[in-house]
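Next come the chains, spelled out residue by residue.
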Protein chains: 2
Amino acid sequence: MPTGEIEIKVKTAELLNSCKKLPFEIKDFVKKTEALRLQYRYLDLRSFQMQYNLRLRSQVVMKMREYLCNLHGFVDIETPTLFKRTPGGAKEFLVPSREPGKFYSLPQSPQQFKQLLMVGGLDRYFQVARCYRDEGSRPDRQPEFTQIDIEMSFVDQTGIQSLIEGLLQYSWPSDKDPLVVPFPSMTFAEALATYGTDKPDTRFGMKIVDISNVFKHTEVRFLQDALSKPQGAVKAMCVREGANYLKKKDIESIRKFAADHFKEEVLPVFLKNKENWNSPVAKFILEKQRLELIRLMEIQEDDVVLLTAGEHKKACSLLGKLRLACADILEMNGMVLRDPALFSFLWVVDFPLFLPKEDNPLELESAHHPFTAPHPGDIHLLYTEPEKVRSQHYDLVLNGSEIGGGSIRIHDAELQHYILATLLKEDVKLLSHLLQALDYGAPPHGGIALGLDRLMCLITGAASIRDVIAFPKSFRGHDLMSNAPDSVSSQELKPYHIQVSWPADSEAERSSLNHSHHPES
Amino acid sequence: MPTGEIEIKVKTAELLNSCKKLPFEIKDFVKKTEALRLQYRYLDLRSFQMQYNLRLRSQVVMKMREYLCNLHGFVDIETPTLFKRTPGGAKEFLVPSREPGKFYSLPQSPQQFKQLLMVGGLDRYFQVARCYRDEGSRPDRQPEFTQIDIEMSFVDQTGIQSLIEGLLQYSWPSDKDPLVVPFPSMTFAEALATYGTDKPDTRFGMKIVDISNVFKHTEVRFLQDALSKPQGAVKAMCVREGANYLKKKDIESIRKFAADHFKEEVLPVFLKNKENWNSPVAKFILEKQRLELIRLMEIQEDDVVLLTAGEHKKACSLLGKLRLACADILEMNGMVLRDPALFSFLWVVDFPLFLPKEDNPLELESAHHPFTAPHPGDIHLLYTEPEKVRSQHYDLVLNGSEIGGGSIRIHDAELQHYILATLLKEDVKLLSHLLQALDYGAPPHGGIALGLDRLMCLITGAASIRDVIAFPKSFRGHDLMSNAPDSVSSQELKPYHIQVSWPADSEAERSSLNHSHHPES
């Protein structure tokens, strides 16, 4: 045809199948609820976006495999998903076996197996591993998810990090700007102090600044109070051009958020002009302090400074949350802050090895998992002040999302036993096979796991990880297409020697069993 | 060194880890029980054979991915393993959810999802898919296994077959003779008549021959009886040089096997010399018949002919079993029959679409699964004599093992509904999503699944599929290293609203809960 398109003259045509009226049009501009999309997933998959996402995912994973298998001698090894419960594995799905009272468990990751493979001399392991996590009522999680799971022998932290940098660079989609490696690195302490989080979005500044020194001799009561407490500090964050983008109601909602979630006061102050939204403290800031802050934080006309005082970690966390909230508001009001074409990777390192238990702060729990090796510089503290020990754990962060984490592992059976039994007070019997394995000449080893769903979600710019999974579960863990999970007759439960213990208030539900399909909205 | 080896002068050495005395030596010639190997799997993995098997498996799968993804535009798509029970899914493991009485199910294959992907316009799908099958007490099965799962739109049987031939040729280990394609093909009826099985080992002859015509006018009573019944036939198989390799006790055990398992009589006869081990019928074979048989079966001096009479299928099955038993005996006695370096692939096609139900022969069940399309030549029979309809199912057989199977699927919703509801009498509500999907313009499609564990077992010549799996379950479905499946406290069962129903005789076991590790032998 003149337009350059090809016109086909049909001589005969055969109708291969007919098509009923679709429940929605397969056009990207046609709005449809996610529930409808999930119920007719096989139609939703025809959309340009889903085709692009799934095809790109396949290509990225293929490139990763080429990099690992063909270029770096890794061995793709499948590990079992029918395993036994791990200590503290409260989030592991159970699978009843035909032996009365005996259950398999679907593991959250192949952690134990990959370490055992190192003991077994398979010194470069990887797997695109299906993992399972039962987070009960927690919303927006997939009960099954996929991770690029890697483990190596005779490697250190830098070795794993450059492997992953090369892996991502090699498999990065060709329609995007190539990645620049190495990725920057930041300690956990620095990330917390500067961004108020262990997964900073480094696409934009708006960093947290410690301004305690400026107020060392302040007479403002609440600053005085904060500074006099252990770890007390005054922190501030400069919102560039905030005066032009933040409305009074935005500031009010920021202050309310701080009061509601952190029981802290946040004071918005203009330091380069007169206006000060209800900030009672502004007038108590001395001229000397004002000039010092302007210098320290490089404050310009129309900038707004958010200031808070309190315990270091809490104050930083608060400002970290406000940083993201402000970014949302600024972007909603027209500022361009986070370039969607920018992929800002960051390593976060030197995490603490242990954290105080949430329900009993006098006891310790692993910050990540009990196989993480302590930082070589801190080993002596294990026996005196274990809470101060840093770990050899590392997280990979992309645009403010954690997309991977790993560590150098403990390869010394005695050290592993000490940490499990003495420090964590775990029942070591459950891990006797692993402890025993370390005793048979385990090599030093370490690894990492990348969350493939999250990574693909960020690469494609999808609104949810459900948009990079062919058949995802809904917000509440249901398959809206087939109606899983579903009822099962007591006859079918018999071979597994289990029966349902119906909650007292569910008689109604019980009698409505086998009723059909109630798609959630 | 003079030998060409390199000698290293060590200046300093650091001990990275020490090693306890191993429970067995890592040398291939050291015999150890499989239970011990599985208990210390991480040590067993260090053996030459396990390293070779697992590394080769990884390479073969990588080549398969290159062939499918890079050369043929297939998309690697992960499908869920937390699904809902399929009709007749008695072998599906259940996974309790946190909703009372609701269970996920671990599917035996991604069958429904792969068909839905075709409806969704992902017209070339593949996945190295983890599948689950709970075969209860059946021995020597892995509860989880892996298949190379493939589905295509707008394809016919030949299309899938040549894809798979190309796939295997491309990924075949380079240290083996290259594969010759296309693979030979045989109908189910021919396989049964010639080899007595739907998975013939075509590395050697010893074919079954129908000799009914020779005995059309026999006066031997039991041959007469057999021939007078419907489908009655006389069948024979020639064991070359049998007289030199089969001892009298071998023949006796063959006859006992036939009597015990098939309630049939097998008569061993020498047709070229006088000796006839206890074969009362031999003397009734007329000279004319003897010469006719020698001609028909190309019988040589010292050959032994095994002869049986009965219903066609039963007689063939019996001789098919004896064919393999004889091969075992002949090889044990020194004959080379099945070359371990020979890989003899075979397509078996034109299976029946339905079989009579085992427990009620008046009803039909799918010979493979209910989504298999009928043979185009037999569609009219669906409404009159469905038991005579052949299917578009195909099996791939290697050296007598089924290593793959697939079919062209039904893409017409009405036909699928008729087969499910009218012929199979299934509850169509359980498959309403699939029926609905077919109604929205499903393309014609078909696919296949290759059993990766079995394939690798044959390629590596391993004794068991457990030797090509890193962490297999034992014969009885246990993980002997970690002791899975394991007991779980009733506290841990609570969130899933289930409790154990202890069998009456298991009180003893119940009270011994949480006792440790009893490796099976």
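- In the nomenclature of an unreviewed UniProt entry, chain A corresponds to Aspartate--tRNA ligase, mitochondrial from the organism Marmota monax.
- Heading Sequence similarities (unreviewed entry) of the UniProt record for chain A holds this comment: "Belongs to the class-II aminoacyl-tRNA synthetase family. Type 1 subfamily."

## Observations concerning the overall build of chain A
Line of reasoning, step 1. Tallying secondary structure elements over chain A gives 16 helices and 18 strands in all.
Line of reasoning, step 2. Looking at chain A residue by residue over its 521 residues, the buried ones come to 54%.
Line of reasoning, step 3. Intrachain contacts of chain A at a sequence separation of at least 6 include 68% that bridge at least 24 residues.
Line of reasoning, step 4. As displayed, chain A offers around 24,200 Å² of accessible surface, 52% of which is attributable to carbon and sulfur atoms.
Line of reasoning, step 5. Side-chain charges in chain A split into 63 positive and 70 negative, and the spacing between the mean points of these groups amounts to 4 Å.

## Concerning the relation of the copies chain A and chain B
Line of reasoning, step 1. Overlaying chain A with chain B gives an RMSD of 0.1 Å, the required rotation being 180° about an axis along which the chain moves by 0.0 Å. The transformation just described matches what one would write down for a two-fold rotation axis.
Line of reasoning, step 2. Here 100% of the interface residues in chain A have copies in chain B that are interface residues too; the copies meet face to matching face.

## Section: unusual backbone geometry
Line of reasoning, step 1. Following Val 181 of chain A, the chain continues to Pro 182 of chain A via a peptide bond in cis, the omega torsion being -5°.
Line of reasoning, step 2. Mapped onto the elements of the fold, Pro 182 of chain A is located in the loop between α5 (157-171) and β6 (185-187).
Line of reasoning, step 3. The peptide bond linking Ala 484 of chain B to Pro 485 of chain B adopts the cis configuration, its omega dihedral lying at -5°.
Line of reasoning, step 4. Mapped onto the secondary structure, Pro 485 of chain B falls in the loop between α14 (452-460) and β17 (486-487).

## Comments concerning the domain arrangement of chain A
Line of reasoning, step 1. In terms of domains, chain A is made up of domain 1 (48-188 + 344-468) and domain 2 (204-332).
Line of reasoning, step 2. Domain 1 of chain A and domain 2 of chain A are separated by 37 Å when their C-alpha centres are compared.

## Let's talk about the interface of chain A and chain B
Line of reasoning, step 1. If you look at the interface, chain A gives 102 residues, while chain B gives 102 residues.
Line of reasoning, step 2. Overall, the association of chain A and chain B removes approximately 9,600 Å² of surface from exposure, summing both partners, and the carbon and sulfur fraction of that is 57%.
Line of reasoning, step 3. Interface area lost by chain A to chain B is led by Tyr 42, Glu 78 and Tyr 440 of chain A, which between them contribute 8%.
Line of reasoning, step 4. The tally of links between chain A and chain B comes to 14 salt bridges.
Line of reasoning, step 5. On the surface where chain A and chain B come into contact, there are 63 residue pairs in polar contact (both at pLDDT 80 or more).
Line of reasoning, step 6. The element contributing the most residues to the side of chain A that touches chain B is helix α3 (residues 48-71) of chain A, with ten residues.
Line of reasoning, step 7. Looking at the side of chain A that touches chain B residue by residue, the class counts come to 52 nonpolar, 26 polar and 24 charged.
Line of reasoning, step 8. Looking at chain direction, strand β3 (residues 102-106) of chain A and β17 of chain B are connected through two bridges and run antiparallel. Note on β17 of chain B: the bridge partner recorded for Lys 102 of chain A is Ser 487 of chain B.

## A few points about the packing of aromatic side chains
Line of reasoning, step 1. Throughout the structure, instances matching the rule amount to 32 aromatic pairs over all chains.
Line of reasoning, step 2. Seen in terms of ring centroids, Phe 24 of chain A and Tyr 40 of chain A are 6.4 Å apart; in terms of plane orientation they differ by 75°. Their pairing is edge-to-face. With Phe 24 of chain A in the segment before α1 (34-39) and Tyr 40 of chain A in the loop between α1 and α2 (41-44), the pair connects residues that are 16 residues apart, well separated along the chain. No difference in accessibility class separates Phe 24 of chain A from Tyr 40 of chain A, as the two residues are buried.
Line of reasoning, step 3. A ring pair is formed by Phe 93 of chain A and Tyr 104 of chain B, whose centres lie 6.2 Å apart and whose planes are at 90°; its orientation type is edge-to-face. With Phe 93 of chain A in strand β2 (residues 93-96) and Tyr 104 of chain B in strand β3 (residues 102-106), this residue pair bridges two chains.

## Considerations on empty space enclosed by the protein
Line of reasoning, step 1. Scanning all chains against the criterion turns up four cavities of 30 Å³ or more.
Line of reasoning, step 2. Estimates place the volume of the largest cavity at around 710 Å³.
Line of reasoning, step 3. Forming the walls of the largest cavity are 49 residues, and the residues nearest its centre are Val 128 and Arg 130 of chain A together with Glu 78, Gln 127 and Val 128 of chain B.
Line of reasoning, step 4. Each residue belonging to the lining of the largest cavity can be placed in one class, and the counts come to 23 nonpolar, 13 polar and 13 charged.

## Topic: the state of the cysteines
Line of reasoning, step 1. Applying the stated criterion to the full structure yields zero disulfides over all chains.
Line of reasoning, step 2. Here Cys 69 of chain A stays free of any disulfide, with the sulfur of Cys 69 of chain B as its closest cysteine sulfur at 13 Å.

## Thoughts on the pattern of salt bridges
Line of reasoning, step 1. Tallying each qualifying case throughout the model produces 70 salt bridges over all chains.
Line of reasoning, step 2. Here Arg 133 of chain A and Glu 135 of chain A are joined by a salt bridge, their closest N and O atoms 3.5 Å apart.
Line of reasoning, step 3. For Glu 135 of chain A, a relative accessible area of 13% gives the class buried.
Line of reasoning, step 4. Glu 144 of chain B is paired through a salt bridge with Lys 473 of chain B; the nearest N and O atoms lie 3.4 Å apart. Of this pair, Glu 144 of chain B sits in strand β5 (residues 144-153) while Lys 473 of chain B is found in the loop between α14 and β17, placing the two residues 329 residues apart along the sequence. The pair formed by Glu 144 of chain B and Lys 473 of chain B is uniform in burial state, with each residue classed as buried.
Line of reasoning, step 5. The network of salt bridges with common partners includes Arg 57, Arg 130, Glu 144, Asp 453 and Lys 473 of chain A together with Glu 78 of chain B.

## Focus on the sheet that holds strand β15 (residues 401-408) of chain B
Residues and elements named next belong to chain B.
Line of reasoning, step 1. Strand order in the open sheet made by the eight strands is β1-β4-β5-β16-β15-β14-β11-β6, with mixed pairing throughout. In this open sheet, the two strands that pair with only one neighbour each are β1 (75-76) and β6 (185-187).
Line of reasoning, step 2. Its contacts with the sheet put helix α3 (residues 48-71) on β1, β4 (124-132) and β5, and the angle it makes with β4 is roughly 150°.

## A closer look at the packing of helix α6 (residues 188-195) of chain B against helix α11 (residues 312-332) of chain B
Residues and elements named next belong to chain B.
Line of reasoning, step 1. Interhelical geometry of α6 versus α11 gives an angle of 60° and a closest axis separation of 7 Å. By the angle class used here, α6 and α11 are oblique. Contacts from Leu 192, Ala 193 and Tyr 195 in α6 reach His 312, Lys 313, Cys 316, Ser 317, Gly 320 and Arg 323 in α11.
Line of reasoning, step 2. Residues of the contact of α6 with α11, tallied by class, amount to four nonpolar, three polar and two charged.

Rules of the game
Residues numbered from 1 in each chain as written. Chains lettered and ligands numbered in written order. Predicted model: local features only at pLDDT ≥ 70, side-chain atom pairs only at ≥ 80, totals over all residues. Heavy atoms only, no water. UniProt positions renumbered as here; feature names shortened; annotations may be inferred. Helix = DSSP H or I, 4+ residues; strand = E, 2+ residues; numbered from the N terminus. Buried < 20%, exposed > 50% of the residue type's maximum accessible area, 1.4 Å probe, protein only. Contact = heavy atoms within 4.5 Å. Areas by Shrake-Rupley, 256 points an atom, 1.4 Å probe, with all protein chains shown as cover. Lys, Arg positive; Asp, Glu negative; His and termini not counted. Charge placed at Lys NZ, Arg CZ, Asp CG, Glu CD. Least-squares fit on C-alpha atoms with pLDDT ≥ 70 in both. Domains from an automatic or database assignment. Buried area = accessible area lost by both parts, 1.4 Å probe. Salt bridge = Lys/Arg side-chain N within 4 Å of Asp/Glu carboxyl O. Polar contact = N/O pair within 3.5 Å; in protein donor to acceptor, adjacent residues only side chain to side chain. Nonpolar A, V, L, I, M, F, W, Y, C, P; charged D, E, K, R; others polar. Pairing = 2+ DSSP bridges. Phe/Tyr/Trp six-rings, centres within 6.5 Å; stacked < 30°, edge-to-face > 60°. 1 Å grid on protein atoms, 1.4 Å probe; cavity = no way out; pocket = protein on both sides within 12 Å on 5 of 7 lines; lining within 4 Å. Points joined across faces, edges and corners; volume = space filled by probe spheres on them. Disulfide = S-S within 2.5 Å. Axes fitted to C-alpha atoms, helices over the stretch in contact; angles between N-to-C directions. Parallel < 35°, antiparallel > 145°, perpendicular 65-115°, else oblique.

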